[in-house]
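What follows is the residue order along each chain.
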Amino acid sequence: MRGGTVVFIVLNWNDWKSTLYLLSRLLSIDCGHIECKFLVVDNGSTDGSLKFITKWLMYNKINFDIVTEDHFNSCKASSNIILLVNRNNKGYSGGMNTGIRYALECLSPSFLLLLNNDIDIDPNFFRTLYYASGDIRGPRVLNYYNNSDIPQPQVDFNIPLLSLFSKISSNVVITTRHYRIYNMPFTVQRLEGSCFMVRSEVFRRIGLFDESFFNYWEDTDFFRRARKERYKIVIVPAGVVRHRVGSINLAVRKSNPRAAYYLGRNGILFIQKHYTGPKRYIVYILYLISSIYMFAVYLIYLRHSLSALSYILGIIRGLLGETGFSGFLERFVRKYNVLQIFKINK
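As a starting point, this report considers the structure included with it. The shown structure was predicted, so the numbers you read here are calculated from the model rather than taken from an experiment. (Residues numbered from 1 in each chain as written. Predicted model: local features only at pLDDT ≥ 70, side-chain atom pairs only at ≥ 80, totals over all residues. Heavy atoms only, no water.)

## Comments concerning the side chain of Asn 117
Here is step 1 of the chain: Along the chain, the position of Asn 117 falls in the loop between β5 (111-115) and β6 (119-121).
Here is step 2 of the chain: Within polar-contact distance, the side chain of Asn 117 engages the side chain of Thr 19 at 3.0 Å. (Helix = DSSP H or I, 4+ residues; strand = E, 2+ residues; numbered from the N terminus. Polar contact = N/O pair within 3.5 Å; in protein donor to acceptor, adjacent residues only side chain to side chain.)

This is the structure we're talking about:
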């Protein structure tokens with residue numbers, strides 16, 4: 001008996017080595033009676049990613065199709081591996097939307113499995129997600145660098161001292177303690193955004209990622225919209241992936257100034273989108289207070305003044321109404337000649 005179709009979507013931007021490692025791992029999955037298709041979206045890379053990925057596929061004698069942006073609507077690709085090529089970097093939200101839109105229009109999937117290219121997977125993670133219940137399903141996510149559980153906040157805002165609040169209330173953040181209690185899938189408010197499986201109906205009903213976020217917060221916005229429509233979100237503890245967290249990783253004192261900018265800015269955009277009236281201004285105040293803590297984390301704990309500055313600049317630009325791709329940030333990058341430091345690897 002044949003199961004449904006699952007489309008795996010991996011986003012690449014100037015990081016072909018990580019993408020090829022993940023793709024090699026995904027292609028080793030035994031899909032059984034499930035039809036598995038793989039979309040790799042190249043998001044306007046300038047490092048020769050497309051050349052290296054195609055060479056690897058040809059060397060390993062793996063059939064694939066390449067579809068450029070002008071032909072996304074043709075639906076003529078027939079291979080199980082399809083490379084979708086965006087002309088420009090559309091950010092995480094826009095890049096993933098390229099793959100999601102193509103999958104929904106051309107491949108008729110039952111589920112879509114969205115993956116950052118900077119994760120490593122356990123062999124059984126796919127089947128555990130597929131056979132679990134729930135409309136949106138996420139695995140247990142470990143920190144790649146030290147194998148510890150990455151806390152998964154259950155509130156829309158990553159409030160300061162999250163670990164402290166988790167000791168007061170188990171509903172604030174998912175930690176190792178929850179996995180000791182639950183060995184079966186359990187319902188949550190939101191997931192860690194590096195890997196999750198979505199029933200295609202969810203995207204068709206509530207829409208795709210909001211591209212005004214460009215990078216970061218688009219998953220928080222998506223989960224909020226899904227909850228509003230009463231879709232069930234679950235964590236499946238038996239499915240495990242490991243994430244090389246690049247935005248802010250306290251375990252190894254790592255941060256990314258470009259990510260810091262969008263994290264700060266998009267918190268403001270999230271408030272503007274989901275709150276109105278007096279409540280919006282209350283949330284503004286709370287967010288700005290929490291931002292003092294985040295600024296201190298970047299500056300004092302991580303000792304990364306550039307990330308601290310980028311975070312504050314992002315908040316200011318959000319209050320000024322900036323959305324989507326930040327031309328201001330790119331000018332800032334060129335002015336201070338920190339292009340390599342600002343490379344994003346979400």
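## Quick word on the pattern of salt bridges
Here is step 1 of the chain: Inspection of the entire model under this criterion finds 18 salt bridges.
Here is step 2 of the chain: Here Glu 69 makes a salt bridge to Arg 87, at a shortest N to O gap of 3.6 Å. Residue Glu 69 is found in the loop between β3 (65-68) and β4 (81-86), and its partner Arg 87 is found in the loop between β4 and α3 (91-106); the two are separated by 18 residues along the sequence.
Here is step 3 of the chain: One salt bridge in this structure joins Lys 90 and Glu 69, with 3.1 Å as the shortest N-O distance. Taken together, the residues span a long stretch of sequence, with Lys 90 in the loop between β4 and α3 and Glu 69 in the loop between β3 and β4 at a distance of 21 residues.
Here is step 4 of the chain: The exposure class assigned to Lys 90 is partly exposed, which follows from its relative accessible area of 28%.
Here is step 5 of the chain: Via salt bridges that share partners, Glu 69, Asp 70, Arg 87 and Lys 90 belong to a single interconnected network. (Salt bridge = Lys/Arg side-chain N within 4 Å of Asp/Glu carboxyl O. Buried < 20%, exposed > 50% of the residue type's maximum accessible area, 1.4 Å probe, protein only.)

## A look at the state of the cysteines
Here is step 1 of the chain: Applying the stated criterion across every chain yields a total of 2 disulfides.
Here is step 2 of the chain: Between the sulfur atoms of Cys 75 and its disulfide mate Cys 106 the distance is 1.9 Å. Classification of the bridge connecting Cys 75 and Cys 106 rests on its S-S torsion, roughly -65 degrees, and on that basis the disulfide is left-handed. Of this pair, Cys 75 sits in the loop between β3 and β4 while Cys 106 sits in helix α3, and the two are 31 residues apart along the sequence. (Disulfide = S-S within 2.5 Å.)

## Description of the nonpolar core
If you look at soluble globular proteins, the nonpolar side chains tend to sit buried side by side.
Here is step 1 of the chain: By size, the foremost hydrophobic cluster in this structure holds 38 residues, and its most contacted members are Ile 136 and Phe 222.
Here is step 2 of the chain: With 7 residues, α3 is the single largest residue contributor to this core.
Here is step 3 of the chain: Residues contacting Ile 136, with those up to four places away along its chain left out, are Leu 191, Phe 196, Met 197, Val 198, Val 202, Phe 222, Phe 223, Ala 226, Lys 232, Ile 233 and Val 234.
Here is step 4 of the chain: Formed by 35 residues, the second largest nonpolar core is a distinct cluster that contains Leu 57, Phe 125, Phe 126 and Ala 132. (Core = buried A, V, L, I, M, F, W, Y, C linked by side-chain atoms within 4.5 Å. Contact = heavy atoms within 4.5 Å.)

## Quick look at the packing of helix α8 (residues 218-228) against helix α9 (residues 257-274)
Angle between the axes and distance between the axes: these two values describe a pair of packed helices.
Here is step 1 of the chain: Running from N to C, α8 and α9 cross one another at 25 degrees; their axes reach a closest spacing of 10 Å. With respect to α9, the axis of α8 lies roughly parallel. Relative to α9, α8 is oriented so that their crossing is right-handed. Two secondary-structure elements touch here, α8 through Thr 220, Asp 221, Arg 224 and Arg 225 and α9 through Phe 270, Lys 273 and His 274. (Axes fitted to C-alpha atoms, helices over the stretch in contact; angles between N-to-C directions. Parallel < 35°, antiparallel > 145°, perpendicular 65-115°, else oblique. Left-handed = near helix turned anticlockwise from the far one by under 90°.)

## Topic: the environment of Pro 237
Here is step 1 of the chain: Its location among the elements puts Pro 237 in strand β12 (residues 233-243).
Here is step 2 of the chain: For the pair formed by Pro 237 and Ser 255, sequence separation is 18 residues and the distance between their alpha carbons is 27 Å.
Here is step 3 of the chain: With sequence-adjacent residues up to four places away left out, Pro 237 is seen in contact with Arg 140, Tyr 179, Tyr 182, Asn 183, Met 184, Pro 185 and Phe 186.

## Thoughts on a nonpolar patch on the surface
Here is step 1 of the chain: Among the surface-exposed residues, Ile 282, Ile 285, Leu 286 and Ile 289 lie close enough to one another that they form a single nonpolar patch of about 410 Å² accessible area.
Here is step 2 of the chain: Tracing the chain through its elements places Ile 285 in helix α10 (residues 277-301). (Patch = residues over 30% accessible without salt bridge, like charges linked within 9 Å, V, L, I, M, F, W, Y side chains within 5 Å. Areas by Shrake-Rupley, 256 points an atom, 1.4 Å probe, with all protein chains shown as cover.)

## Topic: α9
Here is step 1 of the chain: Its 18 residues give α9 an end-to-end C-alpha distance of 26 Å, which sits within 8% of 26 Å, the value for a rise of 1.5 Å per residue.
Here is step 2 of the chain: In terms of residue burial, α9 counts as a mostly covered element, since 15 of its 18 residues are buried.
Here is step 3 of the chain: Between the side-chain oxygen at the start of α9 and the backbone nitrogen of Arg 258 there is a gap of 3.0 Å, and the oxygen is on Asn 256. (Expected span 1.5 Å × (residues − 1).)

## Details of helix α2 (residues 49-59)
Here is step 1 of the chain: For α2, every residue scored as buried is listed here: Ser 49, Ile 53, Thr 54 and Leu 57. One face of α2 carries all of its buried residues, which in axial projection span an arc of 120 degrees. Turned more than 90 degrees away from the buried face of α2, the exposed residues are Lys 55, Met 58 and Tyr 59.
Here is step 2 of the chain: Where α2 is buried, its residues meet β1 (5-12), α1 (16-27), β2 (35-43), β3 and β4.
Here is step 3 of the chain: Lys 61 sits one or two residues past α2 and shows a positive phi near 55 degrees. (Arc of directions from axis to C-beta.)

## Things to note about the pairing of strand β7 (residues 136-143)
Here is step 1 of the chain: Summarising burial for β7: 7 of the 8 residues are buried, a large majority.
Here is step 2 of the chain: Here β7 runs beside strand β11 (residues 195-199); their pairing, made up of 2 bridges, is antiparallel. Within β11, the position partnered with Ile 136 by the bridge is Val 198.
Here is step 3 of the chain: Pairing of β7 with β12, which is carried by 8 bridges, proceeds in the parallel orientation. (Pairing = 2+ DSSP bridges.)

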